[in-house]
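Analysis of the macromolecular model
Given next are the chains, with one letter for each unit.
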Amino acid sequence: MTHTLYTLFENFLRSRHLLRHFARWPLGLGGKSPAPGSAQLPRRIEEVLLHASRADAEELLLQHGSGSEGLDPGRAQALRAKLGANEVPHEKPLPAWLHLWQCFRNPFNLLLSALALISWLTEDLKATVVITTMVAVSTLLRFVQELRSNQAADRLRAMVSNTATVLRPAAGARRELPLEQGLAAARRVELPMRELVPGELVALSAGDMIPADCRLVAAKDLFVSQSALTGEALPVEKFAQTRGEGPALERDNLLFMGTNVVSGSAVALVLHTGERTFFGALAQRLGRVERGTTAFQAGINRVSWVLIRFMLVMAPLVLLINGFTKGDWWEAALFALSIAVGLTPEMLPMIVTATLAKGAVFMARRQVIVKRLEAIHNFGAMDVLCTDKTGTLTQDRIALERHTNAWGEPAQHVLELAYLNSRHQTGLKNLLDLAVLQHGHALRAEAQAWEKVDEVPFDFARRRMSVVVAGADGEHLLICKGALEEMLAVCSHVERADRQVALGPELLAQIRSVATELNRQGLRVVAVASRRFAAGQGRSAYGVADEQGLTLAGYIAFLDPAKDSTAPALRALAHHGVTVKVLTGDNEWVTRKVCEDVGLTPGEVVLGQDLERADDLQLRRLVEQHQVFAKLTPAHKERIVRALHDNGHVVGFMGDGINDAPALRAADIGISVDSAVDVAKESADIILLEKSLMVLEQGVIEGRRTFANMLKYIKMTASSNFGNVFSVLVASAFLPFLPMLPLHLLVQNLLYDISQIAIPFDRVDEEFLQRPQRWDPADLGRFMVFFGPISSVFDIATYALMWFVFGANTPEQQTLFQSGWFVVGLLTQTLIVHMIRTRRLPFVQSMAAAPLLAMTVLIAALGIFLPMGPLASGLRLQALPPLYFAFLPLILLAYMGLTQSVKGWYARRFGWQ
């Protein structure tokens, strides 16, 4: 398949690309037959998975040389050496020869290669050599830049590797224990996903990516998103034992690589890894999967094809004019071919590649890993940043400040219940749980008297989770903690001293007022409740239905203070034209307090329930009018991001939780952190090793700097090409000979291309960095029309100079004429970048970077040397008279002066991008 032209860090995202591709394949789930030609499980894999689905869990463990405590480390190491890494084939880097071919295979190089072939067939060997050199320079420079970038990506990838929690024998050697006992006794170890082997037992919880094809051996309220494979929007519930027959993809005790856990917890046996998985088999069948065209690539492609179409129109026009006026159609054809070469922006892929790669290296030095190079441009174009509150605006160091009863009075019993809940839950342990465990560490010995029976994992619909523990008397105690309103909905009584009081409207209002007051102080309130079940019932399984008739014990209140760096970071982002909007699942009052602490005026806070009532049109108005949104679900966050995008904004989203994954995918640029859950990191375009808004401000600046340098080349190429063709048309109509030989045009274009290699390293004026930047094809066309003819004015002045002053007005004197225009044309082309790289006065108010200055001086000197040196005769040039060099600086100064004047008028009239 076609390799994406401008994506260099593709290795980082290939699994993500494949997931998106699979989502379009109907796999025949839900009783439907697969569509003809759709992806299906290979028979060998299907048979093994079906056998595993039917088999008894303990027998299956024995077949894989594993046990209820997990795989022995020695056997795991031996299998890893035999089977290799748990990676699918498309994650392997391209061979050097294929990489070189991909660098060569773009429209510009293919066009130039065709022109070189025509030159060779017509025995114009010099033109063939020059064109081939241009193609080689463009291809090799891009190859080197991509090679360096990929090597940097490999080094950075080690810093952001997804891990899996595997079970290992607690005693160091595997023991023959019953399944449930072994799972409870095993120790948990974090391993990179690439190190997994068949036979491993992996523990899964909300937010985890499924690391391989697996068979469940234990599951609790497990819901898995399989949309990447099946296209099904809703999560699928999975169980330890299959509840029906059918194809492997329909078995509810099988998990597949590339899917992710939405909620619940489980332990699963790894069956297949790497290319032996369903995911890997499809990767082999599909080959290299192309990522859909991004807005950045679409912009580049539009510009490229504008220039190519311009060339396809103008080259035949030059051929016809020269053929009819000169009568030598062969020479006219060669000249038109040279014009076509000159109008081909063959260095554009290299300039884009080098500029983006330089931006990625810059960001890497600031602890930012760029997974997709186009994201750097999107950074610069971003004008709205949506971010969560916790850890971004706040310090992400949550401490448990208070544990009170429902009346706000200190209550040790509430802490004891919260500690038991956090200690025994095996799902997604967040910072709140860690804060409870740290604050209540003195309760560890007392907690050992309670034995865990079951748990009901957290999900974002209920916004609560429960554990069930058994005391010495055999009585079961369900302890539930969660968001206040969701907890009150399942509570019937409240604990007051040693008695239970029925919840009535007045008491509910009083409870809410206590919680609100804590919220106003910036404390995040979590309610704690319980329910007792009599001993002797013999129950070992509990579910959501048991979270009814609870008794509210009280609150645990947490403090996560604002970062000192947040306020200056918000001011810096605002200074650069980026509006920050806060999207959080927390309640209104805590969110409002934190926003006020960091200098962000919250205004009216929009709640999730308000979004539920709003249609799409109303939502588009809401997101423009408000800055802070609270009590949001994952779907709410995604809707807000999409509404902002529909309003014409380039939207960034920063998040690290499983609830952020939909919004990360919907945003133009998804930003996550190294400590995020797996699915969030997979969804992101950029990974921060430091969770800081200040880093984002640097990314915005670098994105705009990158875009500015790309735009310099595009503007310069478009305007100079337009001017050159206009000059050629004038000369072709009135001169009795060609204004420049085909060889001259080719050499001039080669030198001009080389002079632009340093553009990615140029400086950018501060005012260009102050506002978001985007592609504007209309402005590019307008710029070309206004600035292209300026060079033509001085080209025509050079024609007059050579014709009237130096007498180069006959075919016998055409070499002198052509040499004079060769020098002026090359020097004006190399100077134009200095004129259009800034709105200011070049060389005085804004100086280019040293590499660009050096290349300009070098190419200008070489352009003067060629007609004056020993190579002149071979290039069919001749030495210019001394008087010519008296006129040359005057022409160049006049050209620069007129360009500067037009630039000032243009900027006032149309603005300067």
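As the structure is a computational prediction, the values presented were derived from the model and not from experiment.

The secondary structure content of the protein chain amounts to 32 helices and 23 strands. Here the protein chain holds 913 residues, and 59% of them are scored as buried. For the protein chain, the proportion of contacts with a sequence separation of at least 24, taken over those separated by at least 6, is 77%. By element, 58% of the accessible surface of the protein chain is carried by carbon and sulfur atoms, the whole surface being about 35,700 Å².

On to the pairing of strand β22 (residues 669-673). Burial of β22 is extensive: 5 of the 5 residues sit out of reach of the surface. Sheet topology places strand β21 (residues 651-654) next to β22; 3 bridges connect them, and they run parallel. Paired with Gly-652 across the two strands is Ile-669, which belongs to β22. Across 3 bridges, β22 lies against strand β23 (residues 686-688) in parallel orientation.

Evaluated as defined, the whole model comprises 9 cavities of 30 Å³ or more. Around the largest cavity, the lining comprises 16 residues; the ones closest to its centre are Gly-342, Asn-724, Leu-745, Gln-748 and Gln-829. Secondary-structure elements contributing two or more residues to the lining of the largest cavity are α12 (329-343), α27 (693-734), α28 (742-755) and α30 (814-836).

Backbone geometry places Arg-463, a non-glycine residue, at a positive phi of 60 degrees. Take Arg-463: it is sitting in the loop between β11 (451-459) and β12 (464-470). Within the chain, Arg-876 stands out as a residue other than glycine whose phi angle is a positive 60 degrees. Note that Arg-876 resides in the loop between α31 (850-868) and α32 (884-910).

Moving on: the environment of Ala-872. With respect to the helices and strands, the residue Ala-872 is situated in the loop between α31 and α32. Overall, Ala-872 belongs to the buried group, its relative accessible area being 7%. In the structure, Ala-872 is positioned 53 residues away from Ser-819 in sequence and 9.2 Å away in space, judged by C-alpha atoms.

A separate point is the side chain of Ser-791. Residue position: Ser-791 is located in helix α29 (residues 777-805). With residues near it in sequence (within four places) discarded, Ser-791 still touches Gly-723 and Tyr-895.

As a further point, take α12. Between its first and last C-alpha atoms α12 spans 21 Å; for 15 residues at 1.5 Å apiece the expected length is 21 Å, and the two agree. By the burial criterion, the buried members of α12 are Ala-332, Leu-334, Phe-335, Ala-336, Leu-337, Ser-338, Ile-339, Ala-340, Val-341 and Leu-343. Two or three places before Trp-330, at the opening of α12, Asp-328 has a side-chain oxygen 3.3 Å from that residue's backbone nitrogen.

As a further point, take the pattern of salt bridges. The final tally for this structure, using the stated rule, is 25 salt bridges. The partner of Arg-639 in a salt bridge is Asp-616, and the shortest N-O contact between them spans 3.3 Å. Pair noted here: Arg-639 is in helix α24 (residues 634-646) and Asp-616 is in helix α23 (residues 616-625), with a separation of 23 residues, a long-range link. Taking the relative accessible area as the measure of exposure, Asp-616 reaches 55% and is therefore exposed.

Remark: α12 packs on α28, axes separated minimally by 8 Å, with the N-to-C direction vectors making an angle of 10 degrees. For the element pair α12 / α28, the angle class is roughly parallel. Across the interface between the two elements, Glu-331, Leu-334, Phe-335, Ser-338, Ile-339, Val-341 and Gly-342 from α12 touch Pro-742, Leu-745, Leu-746 and Asn-749 from α28.

Let us now look at the nonpolar core. Grouped together as the largest cluster of nonpolar side chains are 168 residues, with contacts concentrated most on Phe-379, Leu-385, Ile-671, Ile-686, Leu-688 and Tyr-884. Looking at this core, the element that brings in the most residues is α27, giving 17 residues. Dropping the residues within four chain positions of it, Leu-385 is found in contact with Leu-573, Val-578, Thr-579, Val-580, Lys-581, Gly-652, Phe-653, Met-654, Ile-671, Leu-693 and Leu-696. Residues Val-494, Leu-503, Ala-515 and Phe-533 belong to the second largest nonpolar core, which totals 28 residues.

This part is about the packing of aromatic side chains. Per the stated rule, a full pass over the model turns up 22 aromatic pairs. Ring geometry for Phe-783 versus Phe-787: centroids 4.3 Å apart, planes at 20 degrees, classification stacked. Of the two residues, Phe-783 and Phe-787 are both situated in helix α29; the distance of 4 residues between them amounts to about one turn of the helix. The pair formed by Phe-783 and Phe-787 is uniform in burial state, with each residue classed as buried. What links up through ring pairs into an aromatic cluster is the set Phe-783, Phe-786, Phe-787, Trp-905, Tyr-906, Phe-910 and Trp-912. Over the ring of Trp-589 we find Arg-520, and its NZ or CZ is 3.8 Å from the ring centre.

Okay, the sheet that holds β23 next. On the basis of which strands lie adjacent, the open sheet formed by 8 strands has the order β8-β23-β22-β21-β9-β18-β20-β19 and mixed pairing. The open sheet terminates on both sides in strands that have one partner only, identified here as β8 (368-370) and β19 (606-607). The pairing of strand β18 (residues 579-583) with strand β20 (residues 628-630) spans 2 bridges and is classified as parallel. Note on β20: the bridge partner recorded for Leu-583 is Phe-629. Contacts from helix α21 (residues 588-597) reach β18, β19 and β20, with the element oriented near 150 degrees to β20. Each of β9 (384-387), β18, β20 and β21 touches α24; the most contacted strand, β21, lies at about 160 degrees to it.

What follows concerns the side chain of Ser-819. One can find Ser-819 in helix α30. Setting aside residues no more than four positions away along its own chain, Ser-819 makes contact with Pro-867, Leu-877, Gln-878 and Leu-880.

A word on the confidence of the model for the protein chain. Summarising the model, the protein chain shows a mean pLDDT of 82, and 89% of its residues fall at 70 or more. Contacts from residues 286-292, a stretch scored under 50 in pLDDT, to residues over four places away or in other chains number 26 contacts.

What follows concerns a nonpolar patch on the surface. A contiguous nonpolar patch, built from Leu-117, Trp-120, Leu-121 and Leu-125 and spanning about 460 Å² of accessible area, is present on the exposed surface. At 3 residues, helix α6 (residues 107-121) tops the list of elements feeding residues into the nonpolar patch. Within the secondary structure, Leu-125 sits in helix α7 (residues 125-157).

We now examine the packing of α23 against α24. Closest axis-to-axis distance for the α23/α24 pair is 9 Å, and the angle between their directions is 85 degrees. When the interaxial angle is binned, α23 and α24 end up roughly perpendicular. In contact with Asp-616, Leu-619, Arg-620, Val-623 and Glu-624 of α23, α24 contributes Arg-639, Ile-640, Ala-643, Leu-644 and Asp-646.

Inspection of the secondary structure puts Leu-249 in the loop between β5 (236-238) and β6 (254-255). Taking C-alpha positions, Leu-249 is 8.8 Å from Glu-46, a pair spaced 203 residues apart along the chain.

Here we come to the pairing of strand β1 (residues 163-168). With 5 of its 6 residues buried, β1 lies for the most part within the structure. Bridge count between β1 and strand β2 (residues 187-192): 6 bridges; the pairing is antiparallel. Looking across to β2, one finds that Arg-168 is bridged to Arg-187.

End to end, helix α15 (residues 412-424) covers 19 Å across 13 residues, agreeing with the expected 18 Å (1.5 Å per residue, within 8%). Three or more residues of α15 are buried, namely Val-414, Leu-415, Leu-417, Ala-418, Tyr-419, Leu-420, Asn-421, Ser-422 and His-424.

Criteria and thresholds
Residues numbered from 1 in each chain as written. Predicted model: local features only at pLDDT ≥ 70, side-chain atom pairs only at ≥ 80, totals over all residues. Heavy atoms only, no water. Helix = DSSP H or I, 4+ residues; strand = E, 2+ residues; numbered from the N terminus. Buried < 20%, exposed > 50% of the residue type's maximum accessible area, 1.4 Å probe, protein only. Contact = heavy atoms within 4.5 Å. Areas by Shrake-Rupley, 256 points an atom, 1.4 Å probe, with all protein chains shown as cover. Pairing = 2+ DSSP bridges. 1 Å grid on protein atoms, 1.4 Å probe; cavity = no way out; pocket = protein on both sides within 12 Å on 5 of 7 lines; lining within 4 Å. Points joined across faces, edges and corners; volume = space filled by probe spheres on them. Expected span 1.5 Å × (residues − 1). Polar contact = N/O pair within 3.5 Å; in protein donor to acceptor, adjacent residues only side chain to side chain. Salt bridge = Lys/Arg side-chain N within 4 Å of Asp/Glu carboxyl O. Axes fitted to C-alpha atoms, helices over the stretch in contact; angles between N-to-C directions. Parallel < 35°, antiparallel > 145°, perpendicular 65-115°, else oblique. Core = buried A, V, L, I, M, F, W, Y, C linked by side-chain atoms within 4.5 Å. Phe/Tyr/Trp six-rings, centres within 6.5 Å; stacked < 30°, edge-to-face > 60°. Lys NZ or Arg CZ within 6 Å of the ring centre and 35° of its normal. pLDDT = per-residue confidence, 0-100. Patch = residues over 30% accessible without salt bridge, like charges linked within 9 Å, V, L, I, M, F, W, Y side chains within 5 Å.

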